[in-house]
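# Structural overview for review
Listed here are the chains, written in short residue letters.
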Amino acid sequence: MKLSLIRSACGSLRIYPARQGSRVSGWSRRCPPVGPANNRLILRTASATSSGGTNPKLAVNFGKRSQKDDGFECDRSLREVVQTTKEAMVALQRRNPAIQPLLAIIQAGEDDSLLEINKKMAGMIGLNITHICLAKDSSEDEIVEEVLKLNEDPRVHGVYLHLPPASLTSRVLNTLKPEKDIDGISDLNMGRLVRGDLSKGFVPPLASAVLDLLEKRDAALERKTVLLVGGEGTRGLALQCLIERSGMVVLKSQLNSNSLQRQVMQADAVVLLRAGNMDIPPSWIRPGAAVIHCEPTLETDEHDIEMSSQSGLGYLTAAYRTQNVVRSCSQWLQEQQYRPWHLRSLKLQPLTPVPSDIEISRAQTPKPVDQLAEEIGLLPEELEAYGRNKAKVRLSLLDRLHTQPDGKYVLVAGITPTPLGEGKSTVTIGLVQAMSAHLKLNSFACLRQPSQGPTFGVKGGAAGGGYAQVIPMEEFNLHLTGDIHAITAANNLVAAAIDARMLHEATQSDKALFNRLVPSVNGVRRFSPIQISRLQRLGVNKTDPASLTPQEVSTFVRLDLEPSKITWQRVVDTNDRFLRKITVGQASTEKGQIRETGFDIAVASEIMAILALADSLEDMKNRLARMVVGTSRSGQPVTAEDLGVSGALAVLMKDAIKPTLMQTLEGTPVFVHAGPFANIAHGNSSVLADKLALKLVGQDGFVVTEAGFGADIGMEKFFNIKCRASGLQPNVVVLVATVRALKMHGGGPNVSAGTPLPREYIDENLSLVEGGCRSNLRKQIQIAHLFGVPVVVALNVFKTDTQAEIDLVCELAKECGASDAVPCHHWAQGGRGSLELAQAVNEAASRPSNFQFLYNIKMPIVEKIRTIAQKVYGADDIELSPEAKAKIDYYNQQGYGSLPICMAKTHLSLSHMPDKKGAPTGFVLPIRDVRASIGAGFIYPLVGTMSTMPGLPTRPCFYDIDLDPVTEEITGLF
């Protein structure tokens, strides 16, 4: 190990505020100190007849000025830079009192001299400083490792590499983040300097100091000649650029050059870089010329590090370095503010006839996700890339933009759909493509992640379709970033914990259970934090395992789950009908612990609903702990925290809580996150995706999110459940309708997936269209108005729709109360085909919204169910089964009565009868059972029989899905 001190031995980085004028303190890895070294600037009067002498330090000669005058000029420069930097520091801390700029110095070797100069200067300014000392022969890898750590430390605003020239390799220099390269020596910062673009980069402090001295000595710099001796490195290049930009002429030479004497005699100023102890004979120096020696020399005299003209160049360089640190900190703070978008849209060239979805997706080359992120104002450290086309976005964005006003919030819902679906996803994507790519309004789509069940079953993917898609669609539909797999792992860990706990409780005594649950490690028993939480919930306020009474031990170790009342099932993300009911525990090793259970599809897991409703990592962890998995024999709920598994669940879900960034065909941003079932859960994408997007789009931007199924299900749950959890209020509802669905509700024949549409849906039929508009469409608009939100009807146009049918729908929709109704052609034309919709939404969002919830959360459970049944579905009343009544009484007894309601019913009708189309009335809604998702935070009454595990049809989608082993291209997805 070549490090002088090991980082882990120093603990965490601790920074202490510096008092002005004091020695700077902070975490430091110190090398053994030696005498202080200074970048020497020796000033003395010179003339043409001066003798040579042996002083190894070169002089600065400016005509006949006295040494006192020379020192005054240097001190004046230093005072000015210090004062300017102090003022910048005051302004910086006025904007953000908590900020404390920090300079980190990486040093190789045991020379602490520059540290002393920089510490003294930092103390005058009020900066903090940290010193990392490496062995003199540290390898490139060791240096790079330290640089990378400082790159990722948000408290460090500037890094000074005080290393031997041989250690300043290209790899080391370019590992350092340009925004922390306050010496301006990385390739990027040097390129900015050469180009004259200093808006982001930094001027090397030594170059600034030398130019300052030249400017102070001679106000008329233009056309003066400056000779740089030994300036072949980055310092020489930086000096050359600055001096030439000031109007002077630059000559370059080496100390061993035959023409050096002639060049010195012609120069108005000579700057020596890396000259060692070599001197230039004074007889070479023309009268009035300046000679500046920039090579650090070792001094042992203590008073030399005091502020004086004798150490002027060293201090002046350090002052400019601290100025760069303050500027870097200011730039960092500026980057933390909201950034205007600079979105580059992707061009579409729609073809006729419209190709397949996957052909369209593959024909468009998406932007690299890091480029998209930069265009919409995300910082590099807020992005976790998953390949080239998608990335997780960190929740720290919410802290950075917490003062940024939210944009406008748009919900896309639909009328009661046919089994084929009416295109809410395509409308959502077409709308944001129109807004961002064509109207130049910031907009973000927030979509649910599709389950692989439908993708390989009947429905197919959920990336949109035609020229309104999320791309790459195969990545969107398959695995994405693994969130559903994380949910599967977490859900099944709970299931395994339940069965294992029941086995161990059935086969062990209280003492044996206790000894295994609280094992003795090195002779000491300790409760884990999650076990202490369980004891506290049981009313046992003890932390010493030995102090528990036998009764307390028994209560602690036995969950005593009633097998018939376990509500938790295993999940898999595949349509597998034969897992709907299974028997577990049949192996002899399970000692007769046999019980019936089953599988749900993964997106039906309560953990998915929690992911969608959580507003922080802490909130998700708490919700996971509250999940009720069953009931004890004494009638008490048993939670995931009681099982001791909730912390592990949070670990499995820690990455899944971050939304995934993707893009549309036209390069506009999309968040894909969560995908809870829309029947037994609330059917909306995540609260966090919406919140992140609302900050990113800016006050005048739009976030467009989608609710599952019809407005009576997805929209109602969005308002009553999701908006309660998030505190967000929507501005507009976009209600998606199709001519075919309206014909169905107007009395048309049944529509079935996988069979050809009847002629009524292909031929013009205004009577059926009108019937659907005056029944289902009218009712869904009225439902939205119950919540005080304006409605824009989006008619998703199909090629079989006639102009008369389109005009009739738009006319009747306005009669039924819609703010506007427009046809949409995004499937065939992309964003350009939804321009009318985008303009209508923009207009509707500018009007006041009087959002309100449908019911008071404190109402009794029965009354909340009745309110939804009567006001939303149009029922006369509800009818509770005995089991439902008993469950409601139990939930009230357990304190769950104030949770919102998540109705689980068919999506094919406003009623509980799938074949009743239009807007049925005169029916009583039967509630056969009532269940609770306590972690997610809602009660869900069951209306009819709800399957949570779909089955595969005779001919599933997977027949058409294939992979080319040569190109790795996927075919058959839609």
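## Brief notes about the overall build of the chain
- Of the regular secondary structure elements, the chain holds 32 helices and 38 strands.
- When the 974 residues of the chain are sorted by exposure, 56% land in the buried category.
- The long-range fraction of contacts in the chain, counting pairs at least 24 apart against all pairs at least 6 apart in sequence, stands at 74%.

## Notes on the sheet that holds strand β9 (residues 249-253)
- Taking strand neighbours across the sheet as the criterion, the four strands line up as β9-β8-β10-β11 in an open arrangement whose pairing is parallel. Each edge of the sheet is formed by a strand with only one pairing partner; in this case those strands are β9 and β11 (290-293). Between one strand axis and the next, the sheet turns by 20° as a mean value, whatever way the strands run.
- Here strand β8 (residues 225-229) pairs with β9 via five bridges, running parallel. Within β9, the residue paired with Val 229 across the bridge is Ser 253.
- In this fold helix α6 (residues 205-217) packs onto β8, β10 (269-272) and β11, with an angle of close to 160° to the strand it touches most, β11.

## Looking at a nonpolar patch on the surface
- A cluster of nonpolar side chains, contributed by Leu 952, Phe 958 and Tyr 959, occupies part of the molecular surface with about 290 Å² of accessible area.
- Within the secondary structure layout, Leu 952 lies in the loop between β36 (938-942) and β37 (962-963).

## Description of the side chain of Asp 183
- In this structure, Asp 183 sits in the loop between α4 (170-175) and α5 (187-195).
- Owing to a relative accessible area of 10%, Asp 183 belongs among the buried residues under this scheme.
- Within polar-contact distance, the side chain of Asp 183 engages the side chain of Arg 321 at 2.8 Å.
- In this view, Asp 183 contacts Tyr 160, Pro 204, Pro 205 and Arg 321; residues no more than four positions away in its chain are not counted.

## Details of the pairing of strand β34 (residues 924-927)
- Alternating positions in β34 separate cleanly, Leu 925 and Ile 927 being buried on one face and Val 924 and Pro 926 remaining unburied on the opposite face.
- Pairing analysis gives four bridges linking strand β33 (residues 877-880) to β34, with the strands arranged parallel. Within β34, the position partnered with Asp 877 by the bridge is Val 924.

## Digging into the nonpolar core
- Counting 148 residues, the largest nonpolar core has Phe 444, Leu 661, Phe 671, Phe 719, Leu 777, Leu 925 and Ile 927 as the members making the most contacts within it.
- With eight residues, helix α16 (residues 483-507) is the largest single contributor of residues to this core.
- Listed in part, the 54 residues of the second largest apolar core include Ile 117, Leu 206, Leu 239 and Leu 313.

## Brief notes about the confidence of the model for the chain
- Looking at the chain, pLDDT values average 88 and 89% of them are 70 or higher.
- Contacts for the low-pLDDT stretch residues 297-310, under 50 throughout, to residues beyond four places or in other chains number 36 contacts.

## As for the packing of aromatic side chains
- A complete count under the given rule lists 14 aromatic pairs for this structure.
- Note on Trp 341 and Phe 444: the rings are 6.2 Å apart at their centroids and 75° apart in plane angle, and the pair reads as edge-to-face. Of this pair, Trp 341 sits in the loop between α9 (312-336) and α10 (357-363) while Phe 444 sits in strand β16 (residues 443-447), and the two are 103 residues apart along the sequence.
- A relative accessible area of 0% places Phe 444 in the buried class.
- Taken together, a centroid distance of 5.4 Å and an interplanar angle of 15° make the contact between Phe 958 and Tyr 959 stacked.
- Each member of the aromatic cluster is reached from another via a ring pair, and the members are Tyr 409, Phe 718, Phe 719, Phe 787, Phe 851 and Phe 853.
- Above the plane of the ring of Phe 853 lies Arg 724, whose end atom (NZ or CZ) is 4.2 Å from the centre.
- The ring of Tyr 873 carries Lys 905 above its face, with NZ or CZ at 4.8 Å from the centroid.

## Details of empty space enclosed by the protein
- In this structure the tally under the stated criterion is four cavities of 30 Å³ or more.
- The volume enclosed by the second largest cavity comes to roughly 40 Å³.
- As for the second largest cavity, its lining consists of Gln 449, Pro 450, Gln 452, Phe 476, Asn 477, Leu 478, His 479, Ile 484, His 485 and Asp 573.
- Of all the elements in the fold, those that place two or more residues in the lining of the second largest cavity are α15 (473-477) and α16.
- Per-class residue counts for the lining of the second largest cavity are four nonpolar, five polar and one charged.

## Structural notes on helix α21 (residues 617-626)
- Every buried residue of α21 is listed here: Asp 619, Met 620, Arg 623, Leu 624 and Ala 625.
- In the core, the buried residues of α21 are packed alongside α20 (606-613), β26 (637-639), α22 (640-643), α23 (646-653) and α25 (711-726).

## Concerning the packing of helix α17 (residues 510-517) against helix α19 (residues 550-557)
- Close contact between α17 and α19 brings their axes to 9 Å; oriented N to C, the two are set at 65°. Accordingly, the angle class assigned to the pair α17 and α19 is roughly perpendicular. The chirality of how α17 crosses α19 is left-handed. Residues Asp 510, Leu 513, Phe 514 and Leu 517 of α17 touch α19, and the partners they reach there are Val 553, Ser 554, Phe 556 and Val 557.
- Of the residues assigned to the contact of α17 with α19, the class counts are six nonpolar, one polar and one charged.

## Quick word on the pattern of salt bridges
- This model, assessed by the stated rule, comprises 47 salt bridges.
- When the shortest N-O distance is used, the salt bridge between Asp 642 and Arg 534 registers 3.2 Å. With a gap of 108 residues between them, Asp 642 in helix α22 and Arg 534 in helix α18 (residues 529-537) connect regions that are remote in the sequence. The burial state of Asp 642 is the same as that of Arg 534; both residues are buried.
- Among the salt bridges present, the one from Arg 633 reaches Asp 560, with a minimum N-O distance of 2.8 Å. Taken together, the residues Arg 633 in the loop between β25 (628-631) and β26 and Asp 560 in the loop between α19 and β21 (570-572) connect sequence positions 73 residues apart.

## A word on the side chain of Asn 189
- As for its position among the elements, Asn 189 is in helix α5.
- Judged by its relative accessible area of 1%, Asn 189 falls in the buried class.
- Engagement of the side chain of Asn 189 in a polar contact is seen with the side chain of Asp 181, the distance being 2.9 Å.
- Those residues in contact with Asn 189 that lie beyond four places of it in its chain are Pro 178, Asp 181, Gly 184, Gly 201 and Phe 202.

## Structural notes on the environment of Ala 604
- Along the polypeptide, Ala 604 turns up in the loop between β24 (599-601) and α20.
- Classification of Ala 604 by relative accessible area gives buried; the value is 11%.
- In this structure the C-alpha to C-alpha distance between Ala 604 and Ser 451, which are 153 residues apart in sequence, comes to 9.9 Å.
- Ignoring sequence-local partners within four residues, the contact set of Ala 604 consists of Phe 677, Ile 680 and Thr 948.

Cut-offs used in this document
Residues numbered from 1 in each chain as written. Predicted model: local features only at pLDDT ≥ 70, side-chain atom pairs only at ≥ 80, totals over all residues. Heavy atoms only, no water. Helix = DSSP H or I, 4+ residues; strand = E, 2+ residues; numbered from the N terminus. Buried < 20%, exposed > 50% of the residue type's maximum accessible area, 1.4 Å probe, protein only. Contact = heavy atoms within 4.5 Å. Pairing = 2+ DSSP bridges. Axes fitted to C-alpha atoms, helices over the stretch in contact; angles between N-to-C directions. Patch = residues over 30% accessible without salt bridge, like charges linked within 9 Å, V, L, I, M, F, W, Y side chains within 5 Å. Areas by Shrake-Rupley, 256 points an atom, 1.4 Å probe, with all protein chains shown as cover. Salt bridge = Lys/Arg side-chain N within 4 Å of Asp/Glu carboxyl O. Polar contact = N/O pair within 3.5 Å; in protein donor to acceptor, adjacent residues only side chain to side chain. Core = buried A, V, L, I, M, F, W, Y, C linked by side-chain atoms within 4.5 Å. pLDDT = per-residue confidence, 0-100. Phe/Tyr/Trp six-rings, centres within 6.5 Å; stacked < 30°, edge-to-face > 60°. Lys NZ or Arg CZ within 6 Å of the ring centre and 35° of its normal. 1 Å grid on protein atoms, 1.4 Å probe; cavity = no way out; pocket = protein on both sides within 12 Å on 5 of 7 lines; lining within 4 Å. Points joined across faces, edges and corners; volume = space filled by probe spheres on them. Nonpolar A, V, L, I, M, F, W, Y, C, P; charged D, E, K, R; others polar. Parallel < 35°, antiparallel > 145°, perpendicular 65-115°, else oblique. Left-handed = near helix turned anticlockwise from the far one by under 90°.

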